[in-house]
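# Coordinate inspection notes
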Amino acid sequence: QGLGSLEAHLRPAPAFVLVRPQLGENIGAVARVMLNFGVRDLVLVDPRDAWPNPAARGPASGADIVLDDARVVATLDEALAGCRYALATTARPRELLVPVLTPEDAAAQCGARIARGERVAILFGAERSGLTNDELLRADGIVSIPVNPAFASLNISQAALVMAYEWARADGRASFSSELDAAMPATKEEFEGFMRHLIGALENAHYFFPEHMRETMEQNLRA
């Protein structure tokens, strides 16, 4: 898919901020799900390995626009510069005086603020340890993904997928249009001509067997 086509599907969206990410493969996987749902702005805070990281390319599966434009900063302060609203994802409940939101509510809050022209960020912690209490307190709210409390471990790309999907829903983009949506449908004459050609080809290939099922099989082709 060309860069111009990708750009056409990208609108203002939250920045995804990965704090101390460890594996390049996970960064690539996050980039992939971001672009799946129209999110482009990726910020890496103090990544463990050097950046650019070749290990990110394979899992990104072509989401090069996200990786190439990713910003690398040394501190969370730098990542949040210019942001008016930030949310932090965590799998562990903590005794913090910070509002706790569902992914759906979090996406709605982000959408309302972005519509007002605000810059918004969603924070994701390191694979091994997540976000620290101090980092969580930098956020205006905590996003709690409703997972099994006895096994609340999510990979960073899985958490990013949940948030990117909910963002797309809040932005009215849960389903992206394709070129087929804009294509002119065939006329009835064109469709019947195609069906005659298809049925003739299937008949030559001895597809209609047993013979007494032919009428039903032809009907199924039109269903």
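Residues numbered from 1 in each chain as written. Predicted model: local features only at pLDDT ≥ 70, side-chain atom pairs only at ≥ 80, totals over all residues. Heavy atoms only, no water.

## Section: the packing of aromatic side chains
Within the structure shown, the criterion is met by three aromatic pairs. Between Phe16 and Phe124, the aromatic rings sit 5.1 Å apart at their centres with planes inclined by 40°, giving tilted as the arrangement. On the criterion of sequence distance, the pair formed by Phe16 in strand 1 (residues 15-19) and Phe124 in strand 6 (residues 120-124) is long-range, its members being 108 residues apart. Overall, the relative accessible area of 0% leaves Phe16 in the buried class. With relative accessibility at 1%, the residue Phe124 sits in the buried group. Judged by centre distance (5.8 Å) and plane angle (75°), the ring pair of Phe37 and Tyr165 falls under edge-to-face. Here Tyr165 lies in helix 8 (residues 156-170) and Phe37 lies in the loop between helix 2 (24-36) and strand 2 (42-45), a separation of 128 residues in the sequence. For Tyr165, a relative accessible area of 37% translates into the label partly exposed. (Phe/Tyr/Trp six-rings, centres within 6.5 Å; stacked < 30°, edge-to-face > 60°. Helix = DSSP H or I, 4+ residues; strand = E, 2+ residues; numbered from the N terminus. Buried < 20%, exposed > 50% of the residue type's maximum accessible area, 1.4 Å probe, protein only.)

## Points about the environment of Asp64
Checked against the element boundaries, Asp64 lands in helix 4 (residues 64-68). Assessed through its relative accessible area of 33%, Asp64 is described here as partly exposed. With 33 residues separating them along the chain, Asp64 and Ala31 place their C-alpha atoms 8.1 Å apart. A distance of 3.1 Å separates a polar atom in the side chain of Asp64 from a polar atom in the side chain of Arg57. (Polar contact = N/O pair within 3.5 Å; in protein donor to acceptor, adjacent residues only side chain to side chain.)

## Some words on the side chain of Ser157
Within the fold, Ser157 resides in helix 8. A distance of 2.7 Å separates polar atoms of two side chains, one belonging to Ser157 and the other to Asn155.

## So, helix 6 (residues 103-115)
Over its 13 residues, helix 6 runs 18 Å from end to end, which matches the ideal 18 Å to within 8%, given 1.5 Å per residue. Within helix 6 the residues assigned to the buried category are Pro103, Ala106, Ala107, Cys110 and Ile114. Burial along helix 6 is one-sided: seen end-on, the buried residues are contained in an arc of 95°. Close packing links the buried residues of helix 6 with strand 4 (85-89), strand 5 (100-101), strand 6, strand 7 (141-143) and helix 8. One or two steps after helix 6, the chain reaches Gly117, where phi turns positive at roughly 90°. (Expected span 1.5 Å × (residues − 1). Arc of directions from axis to C-beta. Contact = heavy atoms within 4.5 Å.)

## As for the side chain of Thr89
Structurally, the position occupied by Thr89 is in strand 4. Under the relative-accessibility criterion, Thr89 is labelled buried at 10%. Among the polar contacts listed, one links the side chain of Thr89 to the backbone oxygen of Leu123, at a separation of 2.8 Å. When residues no more than four places from it in sequence are discounted, the contact partners of Thr89 are Ile122, Leu123, Phe124, Leu131, Val143 and Met163.

## Here's the deal with the pattern of salt bridges
Counted under the stated rule, the structure contains 14 salt bridges. Residue Glu166 pairs with Arg169 through a salt bridge whose shortest N-O separation is 3.1 Å. One end of the pair, Glu166, and the other, Arg169, are both in helix 8, three residues apart, so they sit about a helical turn from each other. Accessibility expressed as a relative area gives 14% for Glu166, which makes it buried. Relative accessible area serves as the criterion here: at 39%, Arg169 is assigned to the partly exposed category. If you follow the salt bridges from partner to partner, you end up with Arg57, Asp64 and Asp68 in one network. (Salt bridge = Lys/Arg side-chain N within 4 Å of Asp/Glu carboxyl O.)

## Regarding the nonpolar core
Counting residues in each nonpolar core, the largest one holds 38 residues, and the members touching the most others are Phe16, Leu18, Leu42 and Phe124. Of the residues forming this core, the biggest block, seven residues, is contributed by helix 8. In contact with Leu42, other than residues within four places in its own chain, are Phe16, Leu18, Ile27, Val30, Met34, Val66, Asp69, Ala70 and Arg71. Ranked by size, the runner-up nonpolar core spans 20 residues in total, among them Val17, Val19, Leu96 and Val98. (Core = buried A, V, L, I, M, F, W, Y, C linked by side-chain atoms within 4.5 Å.)

## Some points on helix 2
Given a rise of 1.5 Å per residue, 13 residues ought to cover 18 Å, and the 19 Å separating the end C-alpha atoms of helix 2 matches this to within 8%. Of all 13 residues in helix 2, ten are buried, a share of seventy percent or more. Considered for burial, the residues of helix 2 that qualify are Gly24, Asn26, Ile27, Gly28, Ala29, Val30, Ala31, Val33, Met34 and Leu35. Once helix 2 finishes, Gly38 follows within two positions and takes phi at roughly 80°, a positive value.

On their own, these measurements won't tell you what the molecule is for.
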